[in-house]
Amino acid sequence: MHQGSGFLTTRQRRLAWLGFLLAAAQAPVSARLVADSSWLFSLVVALMVATVIIADDAARRRPAGAPTSE
């Protein structure tokens, strides 16, 4: 069974995972070290990158000839 391809290349996908991990790791560290709530920005960035990775996974699991919308 041939699966569809996502919109991210392999290199972009690896960089997205790296960015997600770095932003997710930075959030609790900066929450402990910084008195204000600027650590929430790291959390929001990590969630946005995770959304892109999940969307790419969904596109990859879609069969190659499947319509994108009905």
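Above this note sits the structure.
Note that this is a predicted model, so its numbers are computed, not measured.

Draft legend 1. Broad picture of helix α1 (residues 10-33). Over its 24 residues, α1 runs 35 Å from end to end, which matches the ideal 34 Å to within 8%, given 1.5 Å per residue. Taking the largest bend as the criterion, α1 deviates by roughly 25 degrees, centred on A27, and proline P28 comes between one and four positions later. Those residues of α1 lying buried are R13, A16, A23, A27 and S30.

Draft legend 2. Structural context of helix α2 (residues 39-61). Compared with an ideal rise of 1.5 Å per residue, which puts 23 residues at 33 Å, α2 spans 34 Å between its outermost C-alpha atoms and is within 8% of the ideal. Here α2 has its buried residues at S42, A46, A50, I53, D56 and A59. Contacts from the buried residues of α2 go to α1.

Draft legend 3. Geometry of the environment of R13. Positionally, R13 belongs in helix α1. You can call R13 buried: its relative accessible area is 18%. A sequence separation of 43 residues divides R13 from D56, and the C-alpha atoms of the two residues are 8.5 Å apart. Those residues in contact with R13 that lie beyond four places of it in its chain are L8, I53, D56, D57 and R60.

Here is what the cut-offs are and how they apply
- Residues numbered from 1 in each chain as written.
- Predicted model: local features only at pLDDT ≥ 70, side-chain atom pairs only at ≥ 80, totals over all residues.
- Heavy atoms only, no water.
- Helix = DSSP H or I, 4+ residues; strand = E, 2+ residues; numbered from the N terminus.
- Expected span 1.5 Å × (residues − 1).
- Bend = angle between axes of the 7 residues up to and from the residue.
- Buried < 20%, exposed > 50% of the residue type's maximum accessible area, 1.4 Å probe, protein only.
- Contact = heavy atoms within 4.5 Å.

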